[in-house]
Amino acid sequence: MSTGVPEGYDPHAFWPFAVTVDLAVFTVRDAALHVLLVERGQDPFRGRWALPGGFVLPCESADEAARRELAEETGLGPDAVGAFHLEQLRTYTDPDRDPRMRVVSVAYAALLPDLPEPRGGGDAASARWWGAGSAGPLAFDHDRILADARDRIGAKLEYTCLATEFCPAEFTLGELQQVYETVWGVELDRPNFRRKVLNAPGFVLPVEGPPRRTGGRGKPAALYRAGGATALHPPLLRPPPTDVPLSRPEGRTP
């Protein structure tokens, strides 16, 4: 079977365009949702903050490009980047989203427990964590991508076990609850949350041994780890938002 260009097909008859990847990388720090941003070191938007990302090379897939760009623009090691949970968010195709040329972007959402401050690399002048609620205005259409990623994460916490991706390998139910409260922006009833989590098959599993973590007050708390389930049955539905702030301000605006 021939793998060449079919007879009569002219690839030059179509307008060329580039493909990029953009990553909305979230974590919980100091009881607030944070997103990883890089300061652009090149035009366009030199000096503006943006989501990590870059062009997909001819020899790689979008998934491979996403992990490569994340490593290059943050200085994080390949082992750390390889362990991240990366999920395709959606594709952004507006013709004028990039002033250089027609660029189609495949956006990803990544979730991870707290890490040290990253450092910029590649074409990024610097990289750092920003409070997700104060991150903007960003370069290109990254404000829209960031908003879409936050909506996706909030919805997925209701019916998947995604919240454990924000936690360390061993965590307390209080730490897990803090993830939900931070992402959703609501306060949850502790006994009710605990009951729902423990009644969800495969959501969390107890860690053998005596309780070891107290959070600075009260009796030692039991430790858990992520179970083997990926979906929550029944779902853990978020309550209506409240007007009561749950944490300190999320940081400066880029």
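Residues numbered from 1 in each chain as written. Predicted model: local features only at pLDDT ≥ 70, side-chain atom pairs only at ≥ 80, totals over all residues. Heavy atoms only, no water.

(A) Region of interest: the overall build of the protein. Broken down by element type, the protein carries five helices and nine strands. Traced from its N-terminal end to its C-terminal end, the protein shows the element sequence β-β-β-β-α-α-β-β-β-α-α-α-β-β. Each of the 254 residues in the protein was classed as buried or not, and the buried ones make up 43%. For the protein, the proportion of contacts with a sequence separation of at least 24, taken over those separated by at least 6, is 69%. Total accessible area on the protein stands at roughly 13900 Å², and carbon and sulfur atoms take up 54% of it. (Helix = DSSP H or I, 4+ residues; strand = E, 2+ residues; numbered from the N terminus. Buried < 20%, exposed > 50% of the residue type's maximum accessible area, 1.4 Å probe, protein only. Contact = heavy atoms within 4.5 Å. Areas by Shrake-Rupley, 256 points an atom, 1.4 Å probe, with all protein chains shown as cover.)

(B) Structural context of the nonpolar core. In this structure, Phe26, Phe166, Leu176, Tyr180 and Phe203 are the most contacted members of the largest nonpolar core, which totals 43 residues. Secondary-structure elements contributing two or more residues to this core are β1 (18–29), β2 (32–40), β5 (85–92), β6 (103–111), α3 (142–159), α4 (173–184) and α5 (190–199). Ranked by the residues each element gives to this core, the list is headed by α4, at six residues. Listed in part, the 17 residues of the second largest apolar core include Phe84, Val106, Tyr108 and Ala110. (Core = buried A, V, L, I, M, F, W, Y, C linked by side-chain atoms within 4.5 Å.)

(C) Main features of the confidence of the model for the protein. Scored by pLDDT, the protein comes out at a mean of 86, with 87% of its residues at no less than 70. Note on residues 244–253: pLDDT under 50 across the span, and 21 contacts to partners over four residues away in sequence or across chains. (pLDDT = per-residue confidence, 0-100.)

(D) The packing of α4 against α5, seen in detail. Here α4 crosses α5 at 100°, and the two axes come no closer than 11 Å. With respect to α5, the axis of α4 lies roughly perpendicular. Contacts between α4 and α5 involve Leu173, Leu176, Gln177 and Tyr180 on the former and, on the latter, Arg190, Phe193, Arg194, Val197 and Leu198. When the residues that make up the contact of α4 with α5 are grouped by side-chain class, the tally is six nonpolar, one polar and two charged. (Axes fitted to C-alpha atoms, helices over the stretch in contact; angles between N-to-C directions. Parallel < 35°, antiparallel > 145°, perpendicular 65-115°, else oblique. Nonpolar A, V, L, I, M, F, W, Y, C, P; charged D, E, K, R; others polar.)

(E) Structural view of α3. Under the 1.5 Å per step criterion, the end-to-end length of α3 is 26 Å for 18 residues, consistent within 8% with the ideal 26 Å. Among all positions of α3, only His142, Ile145, Leu146, Ala149, Ile153, Gly154, Lys156, Leu157 and Glu158 are buried. Looking at the buried side of α3, the elements it contacts are β1, β2, β3 (49–50), β5, β6 and α4. (Expected span 1.5 Å × (residues − 1).)

(F) Broad picture of the packing of α3 against α4. Contact geometry of α3 with α4 gives a least axis separation of 9 Å together with a crossing angle of 140°. With respect to their mutual orientation, α3 and α4 come out oblique. Between α3 and α4 lies a crossing of left-handed hand. Across from Ile153, Gly154, Leu157 and Glu158 in α3, the residues of α4 making contact are Tyr180, Val183 and Trp184. Within the contact of α3 with α4, the residues separate by chemical class into five nonpolar, one polar and one charged. (Left-handed = near helix turned anticlockwise from the far one by under 90°.)

(G) Expanded view of the pattern of salt bridges. Inspection of every chain in the model, using the stated rule, returns 12 salt bridges. Two residues, Glu72 and Arg68, come together in a salt bridge whose shortest N-O distance is 3.4 Å. A residue pair is termed a helical-turn pair when its members lie 3 or 4 positions apart in one helix, as Glu72 and Arg68 do in helix α1 (residues 62–74) at four residues. With its nearest N and O atoms 3.3 Å apart, the salt bridge here joins Asp94 to Arg144. One end of the pair, Asp94, is in the loop between β5 and β6; the other, Arg144, is in helix α3, with 50 residues separating them in the sequence. Salt bridges sharing partners connect three or more residues here, namely Glu60, Arg68, Glu69 and Glu72. (Salt bridge = Lys/Arg side-chain N within 4 Å of Asp/Glu carboxyl O.)

(H) Representation of the packing of aromatic side chains in the model. A full pass over the atoms with the stated rule returns five aromatic pairs. Between the aromatic rings of Tyr180 and Trp184, the centroid separation amounts to 5.0 Å while the plane-to-plane angle is 70°, which identifies the pairing as edge-to-face. Of this pair, Tyr180 and Trp184 both sit in helix α4, four residues apart, roughly one helical turn. Taking the relative accessible area as the measure of exposure, Tyr180 reaches 0% and is therefore buried. The ring of Tyr92 is capped by Arg90, whose NZ or CZ atom sits 4.7 Å from the centre of that ring. The residue whose ring lies beneath Arg128 is Trp130, and the NZ or CZ to ring-centre distance is 3.9 Å. (Phe/Tyr/Trp six-rings, centres within 6.5 Å; stacked < 30°, edge-to-face > 60°. Lys NZ or Arg CZ within 6 Å of the ring centre and 35° of its normal.)

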